[in-house]
Amino acid sequence: MIFGATGDLAKRKLFPSIFRLYERGKLDKFAVIGVARRPLSNEEFQQNVVDSVKSALGDDKNLDEFVSHFYYQSLDVDDSGSYTDLKKLADQIDDHYDLEGNRIFYLAMAPQFFGPIALHLKSDGLTDVKGYKRLVIEKPFGHDLESAKELNKQIRTAFAEEEIYRIDHYLGKEMVRNIEVIRFANAIFEPLWNNRYISNIQITSSEVLGVEERGRYYESSGALRDMVQNHMLQMVALLAMEPPISLTTDEIRSEKVRVFRALRQIEGDEVNEYFVRGQYGEGTIDDKQVPKYRDEPMVDKESNTETFVAGKIMIDNFRWAGVPFYIRTGKRMKAKSTKIVVQFKDIPMNLYYQTEKMLNPNLLVIHIQPEEGITLYLNAKKAGGKLDAQNVKLSFANTGVHAMNTPEGYEKLIYDCMRGDATNFTHWDEVAYSWAFVDKISAVWEKTKGDFPNYQAGSMGPDAADKLLEKDGFFWWPVTDLDVDICK
Ligand SMILES: NC(=O)C1=CN([C@@H]2O[C@H](COP(=O)(O)OP(=O)(O)OC[C@H]3O[C@@H](n4cnc5c(N)ncnc54)[C@H](OP(=O)(O)O)[C@@H]3O)[C@@H](O)[C@H]2O)C=CC1
Ligand SMILES: O=C1O[C@H](COP(=O)(O)O)[C@@H](O)[C@H](O)[C@H]1O
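About the thresholds
- Residues numbered from 1 in each chain as written.
- Chains lettered and ligands numbered in written order.
- Predicted model: local features only at pLDDT ≥ 70, side-chain atom pairs only at ≥ 80, totals over all residues.
- Heavy atoms only, no water.
- Core = buried A, V, L, I, M, F, W, Y, C linked by side-chain atoms within 4.5 Å.
- Buried < 20%, exposed > 50% of the residue type's maximum accessible area, 1.4 Å probe, protein only.
- Helix = DSSP H or I, 4+ residues; strand = E, 2+ residues; numbered from the N terminus.
- Contact = heavy atoms within 4.5 Å.
- Near = heavy atom within 4 Å.
- Polar contact = N/O pair within 3.5 Å; in protein donor to acceptor, adjacent residues only side chain to side chain.
- Areas by Shrake-Rupley, 256 points an atom, 1.4 Å probe, with all protein chains shown as cover.
- Pairing = 2+ DSSP bridges.
- UniProt positions renumbered as here; feature names shortened; annotations may be inferred.
- Phe/Tyr/Trp six-rings, centres within 6.5 Å; stacked < 30°, edge-to-face > 60°.
- Lys NZ or Arg CZ within 6 Å of the ring centre and 35° of its normal.
- Arc of directions from axis to C-beta.
- Axes fitted to C-alpha atoms, helices over the stretch in contact; angles between N-to-C directions.
- Parallel < 35°, antiparallel > 145°, perpendicular 65-115°, else oblique.
- Left-handed = near helix turned anticlockwise from the far one by under 90°.
- Salt bridge = Lys/Arg side-chain N within 4 Å of Asp/Glu carboxyl O.

A.B. asks: What am I meant to see in the nonpolar core here?
C.D. replies: One broad rule of soluble globular proteins: the nonpolar side chains tend to lie buried together. In this structure, Phe3, Phe275, Phe325 and Ile340 are the most contacted members of the largest nonpolar core, which totals 105 residues. Of the residues forming this core, the biggest block, 12 residues, is contributed by helix α9 (residues 222-240). Look past the residues within four positions of Phe3 in its chain and what remains in contact with it is Val35, Leu75, Tyr83, Leu86, Phe105, Tyr106, Leu107, Ala108, Met109, Ile117 and Leu121. By size, the runner-up hydrophobic cluster in this structure holds 32 residues, among which are Ala10, Leu21, Val32 and Val136.

Right, here's the structure in full:
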């Protein structure tokens, strides 16, 4: 059951992902009940699904058989009567498709509805099934630690922790899942993956888009809650965690939680030393003039909401003591790109050409999107001539090899949920620790007015983000063209 089936997420991501699973033969016996407030017939709903699949996948196939599995039930979240109708429909469909009582409730709705829906599902008998019941929850999971605890309490009255699948769609991305494999399946990386050999790690997730139609939500969220609390910290955890004893959900989660426990807590005056916030002004992107954030729909003209965050995260444990993890994310930036750059320490001296200068450091770059792959930057001898060292790249492009098969993050996550694999969903402990970390930063930022706007749309963020690294002797590796020769 998809609650919020007439919404943007269902249309853009969920229906196309379900179709891809169907096409790949991953759905055998299945039915989908779309739930939302507006009245729709099954036929109208099925047409919406067809339109969404066609527009997302450009597929011209006949989708009649696929959409015949889709049903619609109009429901108002607070109206108990409509849950009774929903239960009746679900029970009939269960018999018709022989679904063995297995149910997934996907809440693609505004977060204030999560708690009430979960309570109704229990009190109105929808969770009384003879198979499994699972609850998939979209972000944001709360607004801060307190509200997240309250929400957790509500959903836990109807579902056990192992039945709750908190989506972080970055954990569905192919190359985010690959972090673990790159680290733990290669003898050349794991021995170097620590503070003796790594000087710093940079994670950038930049977007070209502004807030679009989501001004109301974004005003109460900002980049810190929208991206840092979840996606950015999850990537930090995957990069920093110890090798798990085995690849079970519990083992991986417990290693990630140990990273969250070791995060250096930044509070009070330290916040502006470790973190930088920004808000975009007007600018030009792709030759088009775009408005400043404060002129976006449903945004306060004096808004104090950050659309950009850069930060230095320290993990105070034996492996990572002294190694900064720099993160940055923002809207209306120069390029859409998510990249991780692992910068190794310089070798003790340069024996080759211009020996007074340092050689380029070795870098391992994990390209998460739009391109997918890894690049290792090494120094090697220039062909011919003297022993001059030059930068060489060893690249693997995932898209080149698997372009036709790389599934969307949502597709993988829905499939994981069907199989009962919660590894790539966030456990409550991870959510709680990351809110605790982020709350201390927002507490300071909410009290003081930012000097906004402080970066131009189409740039890479405010100057202060560059200074954050400069004061440690580093710089941000560019996201679009990494071939910077620092010897020059
Ligand atoms: N859109 C995106 O790209 C992303 C969204 N998310 C999260 O997914 C969730 C959904 O987002 P999105 O699809 O964009 O939201 P939309 O506003 O587009 O859709 C909201 C859905 O909720 C339904 N709804 C609203 N009020 C009620 C009510 N009282 N009773 C029953 N149904 C109701 C609407 O149905 P109707 O209009 O018929 O009432 C609609 O189907 C949010 O938690 C969001 O943060 C997360 C990541 C990305
Ligand atoms: O969760 C969110 O993520 C998107 C960015 O996701 P991506 O897969 O396109 O990198 C962001 O635009 C949105 O504000 C946020 O809610």
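Next comes the rest of the account.
A.B. asks: It is not clear to me how the site of ligand 1 should be interpreted in this structure. Could you clarify?
C.D. replies: Near ligand 1 there are 21 residues, and of these Thr6, Asp8, Arg12, Arg38 and Met109 occur at the shortest range. The separation between an oxygen atom of ligand 1 and a polar main-chain atom of Leu9 is 2.8 Å. Met109 places a main-chain nitrogen or oxygen 2.7 Å from an oxygen atom of ligand 1. Here ligand 1, which alone exposes 890 Å², has 80% of that area covered by the protein.

A.B. asks: Explain the pairing of strand β7 (residues 198-206) to me, please; I cannot follow it from the model alone.
C.D. replies: Within a regular beta strand, the side chains point alternately toward one face of the sheet and then the other, so they alternate between its two faces. Within β7, 9 of the 9 residues are buried, leaving the element largely enclosed by the surrounding structure. Relative to strand β13 (residues 337-344), β7 runs antiparallel, the two being bridged by 8 bridges. Looking at β13, one finds that Gln202 is bridged to Val341.

A.B. asks: How should the pairing of strand β3 (residues 70-74) be read in this particular structure?
C.D. replies: A large share of β3 lies buried, amounting to 4 of its 5 residues. One ladder, built from 5 bridges, connects strand β2 (residues 32-36) with β3; its direction is parallel. Of the residues in β3, the one forming a bridge with Val35 is Gln73.

A.B. asks: When you look at helix α5 (residues 114-123) in this model, what are you seeing that I'm missing?
C.D. replies: Given 3.6 residues to a turn, an α-helix orients residues that are three or four positions apart in the same direction. All of the buried residues in α5 are Phe114, Gly115, Ile117, Ala118, His120 and Leu121. Of the surrounding secondary structure, the elements contacted by the buried residues of α5 are β1 (2-3), α4 (80-97), β4 (103-107), β5 (133-137) and α6 (145-156). The first or second residue beyond α5 is Gly125, which carries a positive phi of 80°.

A.B. asks: What am I meant to see in the UniProt feature "active site" (unreviewed entry) in the protein here?
C.D. replies: Under the feature "active site" (unreviewed entry), the UniProt entry names His231. Of note, His231 is situated in helix α9. Residues in contact with His231, not counting those within four places in the same chain, are Lys139, Asp168, His169, Tyr170 and Asp226.

A.B. asks: Looking at this structure, I do not really get the packing of aromatic side chains. What am I missing?
C.D. replies: Given two aromatic rings, one states the distance between the centres and the angle between the planes to describe the pair. Applying the stated criterion across every chain yields a total of 24 aromatic pairs. Pairing Phe19 with Phe66 gives two aromatic rings, centres 5.0 Å apart and planes at 75°, and the pair type is edge-to-face. Linking Phe19 in helix α1 (residues 8-23) with Phe66 in helix α3 (residues 64-67), this pair joins segments that are 47 residues apart in sequence. Of the two residues, Phe19 and Phe66, neither departs from the other in class, the shared state being buried. Ring geometry for Phe475 versus Trp477: centroids 4.7 Å apart, planes at 50°, classification tilted. A residue is classified by how much of its surface remains accessible, and Trp477, at 3% relative accessible area, is buried. Against the face of Tyr132 rests Arg134, its NZ or CZ located 3.5 Å from the ring centre.

A.B. asks: What is the right way to look at helix α15 (residues 463-470) in this model?
C.D. replies: Among the residues of α15, those classed as buried are Ala465, Leu468 and Leu469. The buried residues of α15 occupy an angular sector of 90° when the element is viewed end-on, so they sit on one face. Projecting away from the buried face of α15 at angles above 90 degrees are the exposed residues Asp463 and Lys467. Taken together, the buried residues of α15 touch β7, α11 (271-274), β8 (275-278), β11 (308-313) and β12 (325-330).

A.B. asks: Would you take a moment to explain the packing of helix α10 (residues 249-262) against helix α14 (residues 428-447) for this structure?
C.D. replies: Axis angle and axis distance: for two packed helices, these are the angle between their axes and the distance between the axes, and together they describe the pair. Running from N to C, α10 and α14 cross one another at 15°; their axes reach a closest spacing of 9 Å. Here α10 lies roughly parallel to α14, going by the angle between them. In this structure, α10 crosses over α14, and the sense of that crossing is left-handed. Between α10 and α14, the residues in contact are Arg253, Lys256, Val257, Phe260 and Arg261 and Asp429, Glu430, Tyr433 and Ser434, respectively.

A.B. asks: Teacher, can you tell me more about the pattern of salt bridges here?
C.D. replies: Should the charged atoms of two oppositely charged side chains come close, the side chains can pair. Applying the stated criterion to the full structure yields 31 salt bridges. A salt bridge links Lys149 to Glu146; the shortest N-O distance between them is 3.7 Å. Pair noted here: Lys149 and Glu146 are both in helix α6, with a separation of 3 residues, about one helical turn. Among the residues examined, Lys149 registers a relative accessible area of 41% and is labelled partly exposed.

A.B. asks: Whenever I open this one, the sheet that holds strand β10 (residues 288-290) confuses me. Can you help?
C.D. replies: Sheet strands associate in pairs through backbone hydrogen bonding, adopting either a parallel or an antiparallel arrangement. The 3 strands are arranged β10-β9-β17 in an open sheet whose pairing can be described as mixed. Since the sheet does not close on itself, it has two edges, and those belong to β10 and β17 (455-457), each with one partner. For this sheet, the mean angle separating the axes of adjacent strands, direction not counted, is 25°. In this structure, strand β9 (residues 280-285) lies alongside β10, joined through 3 bridges in antiparallel fashion. By the bridge assignment for β10, Ile285 is matched with Lys288.

A.B. asks: Sorry if this is basic, but what is going on with the environment of Gln369 here?
C.D. replies: With respect to the secondary-structure elements, Gln369 resides in strand β14 (residues 363-369). With a relative accessible area of 13%, Gln369 lands in the buried category. The spatial distance from the C-alpha of Gln369 to the C-alpha of Ile198 is 23 Å, given a sequence separation of 171 residues. Apart from the residues within four sequence positions on either side, Gln369 is in contact with Tyr170, Lys173, Lys336, Ser337 and Thr338. Looking at Gln369, its side chain comes within polar contact range of the side chain of Lys173, at 2.7 Å.

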